[in-house]
Amino acid sequence: MKSSLRIQSALGLLFRPCAVSAPVTVPGLNAHARWAHKLPLIPKPTPFVPDVPTFLTLIGRDLKQHADKFPTWEALFTLTTDQLRELGVEPPRTRRYLLRWRQRFREGKFGVGGELKHVENGVAYLKIHEKEITPTKTLRKVVNVPANKNPEELVKSKPYLAKGFKVKGVSTIVGSYALPVAKGVAKVTITEGMWEDKRGHKVDGGERRRAEVRFKRGVAERKALREKMGFY
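Owing to the predicted nature of the structure, the values given are computational and were not obtained by experimental measurement.

Below, the discussion takes up the overall build of the protein chain. Scanning the protein chain from N- to C-terminus turns up seven helices and eight strands. Across the 232 residues of the protein chain, 31% fall into the buried class. Of the contacts made within the protein chain by residues no fewer than 6 positions apart, 54% connect residues no fewer than 24 positions apart. Carbon together with sulfur atoms contributes 55% to the accessible area of the protein chain, which is approximately 15,600 Å² in total.

Pasting the structure below:
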């Protein structure tokens, strides 16, 4: 019941009419061309990011708890910051973080594994593709292939090169979140916070309170020293 109410609420916000000023008529420019640039760009889901819950899981900061507030992929990429606030996406820095990642995704700026093409149930397999250059030299690259396929079977369709991963030695695949499965095989599993921008650790209360915190600490340390020396 609560889930259906949230969906109705999100859809209501998404399609709620809003007041707009009358368009300015420009000779030779049709209405569609005048307003097309104002429509938010909705990127297509990818094999690695097929739906809303996966996207929110990847960017972390516990945003996956808000997944049921976005009934569709389109809603995720079109709701404004005010609408997100009405839906209960708090605090403000969380909304700003979500908006930043929405824009990155629109621009194709993905995190680890975002460009992988062969993904099943949140798992992508990586294998080593070998190509003999000379009798004494072999070129090895990490490619993304279906779990039950070998790179050699996909020569005609060109196995998808896995960016961000490389071969160490002869048969070891290395890279963020790449877990060895067998010789020359690794897998990347969608994990909470894989793409998260880690927040910095505040030192002495952060920039705004640093001087105050350090001053009070100095006062306390000098008082403790005087007490130790018997001045009190």
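We are not done yet, so read on.
Now for the nonpolar core. Counting residues in each nonpolar core, the largest one holds 35 residues, and the members touching the most others are Phe-55 and Leu-56. Put simply, the parts of the chain that give this core at least two residues each are helix H3 (52–59), helix H4 (73–78), helix H6 (92–106), strand S2 (123–134) and strand S8 (185–189). Residue contributions to this core peak at five residues, all from H3. If we ignore the near neighbours within four places in the chain, the residues touching Leu-56 are Leu-63, Lys-64, His-66, Ala-67, Phe-70, Leu-76 and Leu-98.

Take Thr-46: it is sitting in the loop between helix H2 (31–36) and H3. Looking at Thr-46, its side chain comes within polar contact range of the main-chain nitrogen of Val-49, at 2.9 Å. Aside from chain neighbours lying at most four places away, what touches Thr-46 is Phe-105, Phe-110 and Gly-114.

Another aspect to go through is a positive patch on the surface. Among the surface-exposed residues, Arg-93, Arg-96, Arg-100 and Arg-199 lie close enough to one another that they form a single positively charged patch. The residue Arg-93 is located in helix H6 in this model.

This paragraph deals with the packing of aromatic side chains. A full pass over the atoms with the stated rule returns 10 aromatic pairs. Ring plane angle 85 degrees and centroid distance 5.5 Å describe the contact between Phe-55 and Phe-105, whose orientation is recorded as edge-to-face. Taken together, the residues span a long stretch of sequence, with Phe-55 in helix H3 and Phe-105 in helix H6 at a distance of 50 residues. Owing to a relative accessible area of 0%, Phe-55 belongs among the buried residues under this scheme. Looking at Phe-105, the relative accessible area reads 2%, which means it is buried. With 5.4 Å between their ring centres and 25 degrees between their planes, Trp-101 and Trp-195 make a pair best called stacked. With Trp-101 in helix H6 and Trp-195 in the loop between S8 and helix H7 (206–228), the pair connects residues that are 94 residues apart, well separated along the chain. The class of Trp-195 is buried, set by a relative accessible area of 3%. An aromatic cluster is defined as three or more aromatic residues linked by ring pairs; in this entry it consists of Phe-48, Phe-55, Trp-73, Phe-77, Trp-101, Phe-105, Phe-110 and Trp-195.

This part is about unusual backbone geometry. The peptide bond linking Glu-90 to Pro-91 adopts the cis configuration, its omega dihedral lying at -5 degrees. Note on placement: Pro-91 falls in the loop between helix H5 (81–86) and H6. A positive phi angle is found at Arg-61, which is not glycine, with a value near 55 degrees. Along the chain, Arg-61 turns up in the loop between H3 and H4. Look at Asp-62: it is not a glycine, yet its phi comes out positive at around 60 degrees. In this structure, Asp-62 sits in the loop between H3 and H4. Taking relative accessible area as the criterion, Asp-62 reaches 43% and is therefore assigned partly exposed.

Here H3 lies mainly inside the structure; seven of its eight residues are buried. Those residues of H3 not exposed but buried are Val-52, Thr-54, Phe-55, Leu-56, Thr-57, Leu-58 and Ile-59. Where H3 is buried, its residues contact H4 and H6. Gly-60 sits one or two positions beyond H3 and adopts a positive phi of about 70 degrees.

Reading guide: rules and limits
Residues numbered from 1 in each chain as written. Predicted model: local features only at pLDDT ≥ 70, side-chain atom pairs only at ≥ 80, totals over all residues. Heavy atoms only, no water. Helix = DSSP H or I, 4+ residues; strand = E, 2+ residues; numbered from the N terminus. Buried < 20%, exposed > 50% of the residue type's maximum accessible area, 1.4 Å probe, protein only. Contact = heavy atoms within 4.5 Å. Areas by Shrake-Rupley, 256 points an atom, 1.4 Å probe, with all protein chains shown as cover. Core = buried A, V, L, I, M, F, W, Y, C linked by side-chain atoms within 4.5 Å. Polar contact = N/O pair within 3.5 Å; in protein donor to acceptor, adjacent residues only side chain to side chain. Patch = residues over 30% accessible without salt bridge, like charges linked within 9 Å, V, L, I, M, F, W, Y side chains within 5 Å. Salt bridge = Lys/Arg side-chain N within 4 Å of Asp/Glu carboxyl O. Lys, Arg positive; Asp, Glu negative; His and termini not counted. Charge placed at Lys NZ, Arg CZ, Asp CG, Glu CD. Phe/Tyr/Trp six-rings, centres within 6.5 Å; stacked < 30°, edge-to-face > 60°.

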